[in-house]
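Listed below are the residues making up each chain.
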Amino acid sequence: ETHFTIDGKPLFPEEQSRVLKSRITLDGDGKTLINFPAIKLAGKPGEPEIQFSGANGVMLFDTSFTRLDLDLDIPELWVGGGEGQSLKITGVTVVSESKSGLSDLRLGSGRLVVQKIAFASPGAGVDIKIDDINLFGGTGENGENINFSGNYQVKRVAVNDTDYGPAELKLDLGNIH
């Protein structure tokens, strides 16, 4: 059972405090169900207000954590402060598959998808929106070396009234020793 606190006080009500539930099979493999409930934290003077829609996912692992897989969804996070400043992140998905490889290095692949990031600071005249971020990276063994490939995509970046994008960066590195 896992408990999260802020300033010594429970972050989630008692009936929602069981956000991580793990099951271990007889052979030692495990599965952790992740279920963070939605929360709203009112900002104290000088601190931002936070609204979190919750998060759901699953983590799979083996006895020695040589294999660790994660699938996590976070629908929305909003942080707002004085003078109308705000940061809103929507549609976050994290998927990762990894295993121990050469010299116990963690190898595998991971993807981060973010539907939208919006930042506004009206007092400073700043309005930034980033749409459809898709980041992928993967590593694998090649003899005694490691290969890496990555693909980073952004559909649109808008700064005030100016749009940029789409953009894509592909990166392949081979025979890393």
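For the structure, check the block above.
Here we summarise the structure given alongside this text. (Residues numbered from 1 in each chain as written. Predicted model: local features only at pLDDT ≥ 70, side-chain atom pairs only at ≥ 80, totals over all residues. Heavy atoms only, no water.)

Things to note about the environment of Ala124
Next, step 1: Assignment of secondary structure puts Ala124 in the loop between β10 (106–121) and β11 (126–142).
Next, step 2: Ala124 gets classed as exposed once you look at its relative accessible area, which sits at 56%.
Next, step 3: Placed 27 residues apart in sequence, Ala124 and Glu97 show a C-alpha to C-alpha distance of 41 Å. (Helix = DSSP H or I, 4+ residues; strand = E, 2+ residues; numbered from the N terminus. Buried < 20%, exposed > 50% of the residue type's maximum accessible area, 1.4 Å probe, protein only.)

Points about the pattern of salt bridges
Next, step 1: What the rule picks out here adds up to eight salt bridges.
Next, step 2: Put simply, Lys40 and Glu49 hold a salt bridge, and the shortest N to O gap is 3.8 Å.
Next, step 3: Judged by relative accessible area, which is 59%, Lys40 ranks as exposed.
Next, step 4: Notably, a salt bridge pairs Lys116 with Asp131, separated by 2.8 Å at the nearest N-O pair. Here Asp131 lies in strand β11 and Lys116 lies in strand β10, a separation of 15 residues in the sequence.
Next, step 5: Because the salt bridges share partners, they merge into one network encompassing Lys116, Asp131, Arg156 and Asp163. (Salt bridge = Lys/Arg side-chain N within 4 Å of Asp/Glu carboxyl O.)

Quick look at unusual backbone geometry
Next, step 1: Here the amide bond leading from Gly165 into Pro166 is cis, since omega sits at 5 degrees, within 30 degrees of zero.
Next, step 2: With respect to the secondary-structure elements, Pro166 resides in the loop between β13 (162–164) and β14 (167–176).
Next, step 3: Phi at Asn160 takes a positive value of approximately 55 degrees, unusual for a residue other than glycine.
Next, step 4: Within the secondary structure layout, Asn160 lies in the loop between β12 (145–159) and β13.
Next, step 5: Relative accessible area serves as the criterion here: at 38%, Asn160 is assigned to the partly exposed category.
Next, step 6: With a phi close to 55 degrees, Asn175 is a non-glycine residue in the positive phi region.
Next, step 7: The exposure class of Asn175 is partly exposed, given its relative accessible area of 48%.

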